[in-house]
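# Structural features, examined
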Amino acid sequence: MTLKRLGAAAVGLTLAVGFLTIVFTATHYATDWFFTALGITPQPIVQQLAASILGLIVIVLMAGAMMLVNRGRLETMQLRLLGPIVEALGKIAQGDYTVRLNHPELRGRGVEPVGILVNSVNTLAQELDQMEAMRQEFISNVSHEIQSPLTSIRGFARALHAENLTATERAHYLNIIETESVRLSKLTENLLALASLDSESYTPDPKPYRLDLQVRDVVLACEPQWQEKQIEMDVATEPTTLTADKDLLNQVWINLVHNAIKFTPPQGKIQIELHHVASDVEFCITDNGIGISEADQTRIFERFYKADPSRERARGGSGLGLAICKKIVDLHHGTIQVTSKVGHGSTFAVRLPVETK
Ligand SMILES: Nc1ncnc2c1ncn2[C@@H]1O[C@H](COP(=O)(O)OP(=O)(O)OP(=O)(O)O)[C@@H](O)[C@H]1O
Ligand SMILES: [Mg+2]
């Protein structure tokens, strides 16, 4: 590469020297002819000066002419190259993210400025396209999650108008309306939590606290639910001080414990362990519930993903709990993983650095 550049410089220098020699030789003969034609024999120094001045004038005029020609060519080239780029940016600004720059002039341009610009415009359009698809999917998920409880509420509210209902039927319909309303408010609560966690300005507020006591409090708070299903709850925690956002992590343990209870049949078993692993702390929750297939294990942390939507509907989930857990754990630079076997149970392991920056 350097050798190539050196070669180009040598050729350029030779051409420049050759050009100057030709110009000054020509002006020397021209002034000589001029003075002879006038019948004047000037001092050699005067003739030399006249030849040099004439040479400089010729060089300046030629440079000017070349600049003019080049400017015209440059403007035409810029218009040809930049036109499609400006047009594409205009379309992107109007919301058309399907545009891609594939103009014959622009094709194959990779490293030079125009090529970099072309690649950037294509990447921008592609990323906006993906974001738009995600936005549409999000809206359709939210609408779906809102629509189903609303349909139930409307249906059972209408059914309540019937006069020949028994007291039991009436109580049952009212129960469903209440459950579906709770589901709606839980959904908005989760959506608001995610929106707040997603916002750029959100930063966790880490403070040192006793994690083992927090985990025990969550298990106690959920006692009515696991007692109702006669689930055996086994908790083994090491005394652990963690520097993290206490309120946020509380949500993680609540979501995981709720899932374990929800997806474990009556008389099942849930084990919770908390221990140190090197400079991290690990929280493990194992249930002997329905388990999760390998394909679903890769997707359950996605927003609105439910392993079996029709079954989960009966359980009242919206598929946001684990997405919230993942977001909070990520904010703490930790990891959350699942191991599971269908029909045997699942283990969720959360690992967090003891000191969060
Ligand atoms: N312990 C578990 N055992 C079996 N399946 C589970 C377990 N935890 C989660 N899942 C599966 O992962 C899916 C996503 O869980 P997630 O907590 O995000 O949503 P959800 O519990 O359905 O609804 P939400 O938490 O929003 O009320 C669940 O629908 C379920 O299919
Ligand atoms: Mg859940």
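Residues numbered from 1 in each chain as written. Chains lettered and ligands numbered in written order. Predicted model: local features only at pLDDT ≥ 70, side-chain atom pairs only at ≥ 80, totals over all residues. Heavy atoms only, no water.

Along its length, the protein carries ten helices and seven strands. Counting only C-alpha atoms, the protein reaches 135 × 60 × 35 Å along its principal axes. Taking all 357 residues of the protein together, 32% fall into the buried category. A sequence separation of at least 24 residues applies to 70% of the contacts in the protein between residues at least 6 apart. When the accessible surface of the protein is summed, it comes to about 22400 Å², and 62% of that surface belongs to carbon and sulfur atoms. Here the protein carries 33 positive and 39 negative side-chain charges, and the mean point of each set is 5 Å from the other. (Helix = DSSP H or I, 4+ residues; strand = E, 2+ residues; numbered from the N terminus. Buried < 20%, exposed > 50% of the residue type's maximum accessible area, 1.4 Å probe, protein only. Contact = heavy atoms within 4.5 Å. Areas by Shrake-Rupley, 256 points an atom, 1.4 Å probe, with all protein chains shown as cover. Lys, Arg positive; Asp, Glu negative; His and termini not counted. Charge placed at Lys NZ, Arg CZ, Asp CG, Glu CD.)

Attention now moves to the packing of helix α2 (residues 44-93) against helix α3 (residues 113-159). Orientation of α2 relative to α3, taken along the N-to-C sense of each, is 15 degrees, at an axis distance of 11 Å. Judged by the inter-axis angle, α2 sits roughly parallel to α3. Taken as a pair, α2 and α3 cross one another with a handedness that is left-handed. Touching L81, L82, I85, A88, L89 and I92 of α2 are V114, L117, V118, V121, L124, A125 and L128, all from α3. In the contact of α2 with α3, the residues fall into 13 nonpolar, no polar and no charged. (Axes fitted to C-alpha atoms, helices over the stretch in contact; angles between N-to-C directions. Parallel < 35°, antiparallel > 145°, perpendicular 65-115°, else oblique. Left-handed = near helix turned anticlockwise from the far one by under 90°. Nonpolar A, V, L, I, M, F, W, Y, C, P; charged D, E, K, R; others polar.)

With that settled, consider the site of ligand 1. Around ligand 1, the structure places 21 residues, and the nearest of them are N259, K262, G319, L320 and L322. Interatomic distance of 2.9 Å between a side-chain N/O atom of D287 and a nitrogen atom of ligand 1. In isolation ligand 1 has 590 Å² of accessible area, and contact with the protein removes 95% of it. Where the shell around ligand 1 is concerned, the elements lending two or more residues are α7 (246-262), α10 (321-331) and β7 (345-353). Of the residues assigned to the shell around ligand 1, the class counts are nine nonpolar, eight polar and four charged. (Near = heavy atom within 4 Å. Polar contact = N/O pair within 3.5 Å; in protein donor to acceptor, adjacent residues only side chain to side chain.)

Here we take up the domain arrangement of the protein. Per the domain assignment, the segments of the protein are domain 1 (2-96), domain 2 (139-198) and domain 3 (207-353). The straight-line distance from the C-alpha centre of domain 1 to that of domain 2 is 81 Å. (Domains from an automatic or database assignment.)

Once that is clear, we can look at the sheet that holds strand β5 (residues 280-287). In spatial order, the strands read β2-β4-β5-β7-β6; together these five strands make up an open sheet with mixed pairing. Bordering the open sheet on either side are β2 (232-237) and β6 (335-341), each of which pairs with just one other strand. On average, adjacent strands in this sheet sit at an angle of 10 degrees to one another, irrespective of strand direction. Summarising the sheet, β5 and β7 pair through eight bridges and their orientation is antiparallel. Looking at β7, one finds that T286 is bridged to T347. Together, β2, β4 (269-277) and β5 form the strand contacts of helix α5 (residues 211-221), whose direction differs from that of β2 by roughly 170 degrees. Across the sheet, α10 touches β6 and β7, and the angle it forms with β6 is around 140 degrees. (Pairing = 2+ DSSP bridges.)

Take the packing of aromatic side chains next. Within the structure shown, the criterion is met by five aromatic pairs. Aromatic side chains F138 and F304 sit 5.7 Å apart centroid to centroid with 65 degrees between the ring planes, which places their arrangement in the edge-to-face category. Taken together, the positions of F138 in helix α3 and F304 in the loop between α8 (294-297) and α9 (309-315) put the pair 166 residues apart, joining distant regions of the chain. What makes F138 partly exposed here is its relative accessible area of 36%. (Phe/Tyr/Trp six-rings, centres within 6.5 Å; stacked < 30°, edge-to-face > 60°.)

One non-glycine residue, Q230, lies in positive phi territory at about 50 degrees. With respect to the secondary-structure elements, Q230 resides in the loop between α6 (223-228) and β2. Phi at H333 is positive, roughly 60 degrees, even though this residue is not glycine. Along the chain, H333 turns up in the loop between α10 and β6.

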